[in-house]
Amino acid sequence: MEELRQPRTLVEAALRARDRITHAPQEQCSVEWRSLPSPSPEPPPVVAVDGGSMKLETETTTIYAVKAWAGVFNPTLEGEEEIANAGPVVPPENAEDRISIYREILEAALAARHTPRRGLLLLDGSIRPVLRWWRPGFTRRGTRMSTALSEALRRVEEWAKTSSPLALAVRGCRSLGAPSCLEELIRSSPIRPASTELAHELGPRVGDWIVLVEVMEKLYLYKEAIEAAWRAGSTPVFITKTSRQRSLCGEDQARPDVYYIKKLHPAEPGYAIAGGGVVVGAYNITGIARGGDERLGSLYPQQMGIADFYEERIALVEAYARLAPGAPILLVGVVLPAEDASIHRLEEALSRLQAIPGDGYPAPLFIAHHKARIHRDEANTLEGMLVDSRERTMLEF
């Protein structure tokens, strides 16, 4: 038996790890790899949305920069919009996770404004991070959602009586009661994220209840975007380029589903149903048990129809799909009304995806990803504008 010895260098550690990977047990997984439905004769109308983010760490604060881009394709690019935000994370706790929420808010805001008619709303990534709202903050070990909500309502009502620019811009908020004022802020703020704008105006007086407002804004805007797509006869589709999911072959397998699919079907187009078919409700989609706040009886806020939408009305049908010979395997998540969710609707989406240019990956999403990236020259500009010169020596990008 080989004697255990601590590697002294990274090269030694890498050699040891390579040996483990090479000699790892080769588990087997049975995959039903189906033939793709016939491609649609014409590319569908498409709206593609993606976002980018950046973090600057200094000795005293964390500074974020986020932006999102949406393009309207019918089938070529006919219109686009970009929005952005930047500033300190206030308060500074859980900065990494909250910056992701800020980016998602911008993406959802654009998706809600640009709805294809009888087409596809394409979003990069998975819907699961959107649904797992309780990260960061407000777990069973931390502040209760009801406590945070009560504090948020009180503080927003006080803030609405001031002459701050945001308070004056939110229509009718000053004359409304606390719950309605918070909802009006989330619904009608001229700046996104409204929650970060509120935090910047309150400054040191803001508490960790602001995280709940951030999450409510994200959930509300995604709800608006998805419902707008449904009303327009369109289908929201989340596409993940790299999936580590193990729903098909089982959680006890050492490798993700994509590994086994590639091993069995190295190049041929096709698809495999993931997650057991139609899955209804956020708790089933995320695999997080319902429990939640003892007063609200839910893990989701009741305001603005958020709890009803995510707990009862939303459904997900997922598939691993290779849309062209030799193309990467994508995780395709089709988001549907619970009463209209079926494998047939997934197949309709796969048919339409094949008609979109891109040789196995939709070109509109590739363009959105490129447009939404924060490039080095932008990072340098932000550093010069937002970071004190004495603090630049320890920046992280």
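All values derive from a computational prediction rather than experimental measurement.

Basis of the calculations
- Residue positions are counted from 1 within each chain, in the order its sequence is given.
- Predicted model: local features are reported for residues with pLDDT of at least 70 only, side-chain atom pairs are reported and counted for 80 or more only, and whole-chain, interface and lining totals are derived from all residues.
- In computing side-chain values, all of the structure's heavy atoms are included and hydrogens and water are not.
- Helix and strand assignments follow DSSP, with helices taken as H or I runs no shorter than four residues and strands as E runs no shorter than two, numbered in order from the N terminus.
- Throughout, exposure labels follow a simple rule: accessible area from a 1.4 Å probe, protein chains only, divided by the maximum for the residue type, with under 20% read as buried, over 50% as exposed, and the rest as partly exposed.
- Residues are treated as being in contact if the distance between any of their heavy atoms lies within 4.5 Å.
- We call a set of buried residues a nonpolar core when its members are Ala, Val, Leu, Ile, Met, Phe, Trp, Tyr or Cys and they connect through side-chain atoms within 4.5 Å of each other.
- Axis definition: a line fitted to C-alpha atoms, over the contacting stretch in the case of helices. Angles run 0 to 180 degrees between N-to-C directions.
- Convention used here: angles under 35 degrees read as roughly parallel, angles over 145 as roughly antiparallel, angles from 65 to 115 as roughly perpendicular, and any remaining angle as oblique.
- Under the grouping applied here, Gly and all other residues not named as nonpolar or charged are polar, the nonpolar ones being Ala, Val, Leu, Ile, Met, Phe, Trp, Tyr, Cys and Pro and the charged ones Asp, Glu, Lys and Arg.
- Two strands are said to pair when DSSP picks up at least two bridges between them.

**Some details on the side chain of glutamate 107**
With respect to the helices and strands, glutamate 107 occurs in helix H2 (residues 95-113). A residue is classified by how much of its surface remains accessible, and glutamate 107, at 6% relative accessible area, is buried. Once residues within four sequence positions are removed from consideration, glutamate 107 is found in contact with Val49, Asp50, Gly51, Ala68 and Tyr222.

**Describing the nonpolar core**
Within the largest apolar cluster, 75 residues are counted, with the highest numbers of intra-cluster contacts made by Ile127, Trp159, Leu198, Trp209, Tyr300 and Tyr310. Residues Val46, Leu323, Ala349 and Tyr361 belong to the second largest nonpolar core, which totals 30 residues.

**A few points about the packing of helix H7 (residues 194-202) against helix H8 (residues 210-231)**
Relative to each other, H7 and H8 sit at 155°, their axes nearing to 8 Å. The pairing of H7 with H8 is recorded here as roughly antiparallel in orientation. Residues Ala194, Ser195, Leu198 and Ala199 of H7 pack against Ile210, Val213, Glu214 and Glu217 of H8. A per-class count over the contact of H7 with H8 returns five nonpolar, one polar and two charged.

**Notes on the sheet that holds strand S3 (residues 77-88)**
One open sheet accounts for eight strands, arranged S3-S2-S1-S4-S5-S8-S7-S6; its pairing is mixed. Only two strands of the sheet have a single partner each, and these edge strands are S3 and strand S6 (270-280). When the angles between neighbouring strand axes are averaged without regard to direction, this sheet yields 20°. Where S6 meets strand S7 (residues 314-322), seven bridges bridge the pair, whose relative direction is antiparallel. Counterpart to valine 279 in the pairing with S7 is leucine 316. Across the sheet, H2 lies against strand S1 (46-57), strand S2 (62-73), S3 and strand S4 (120-124), angled at about 25° from S2, the strand it touches most. Helix-sheet contacts for helix H13 (residues 363-372) involve S1, S2, S3, S4 and strand S5 (235-240), and the interaxial angle to S1 is about 25°.

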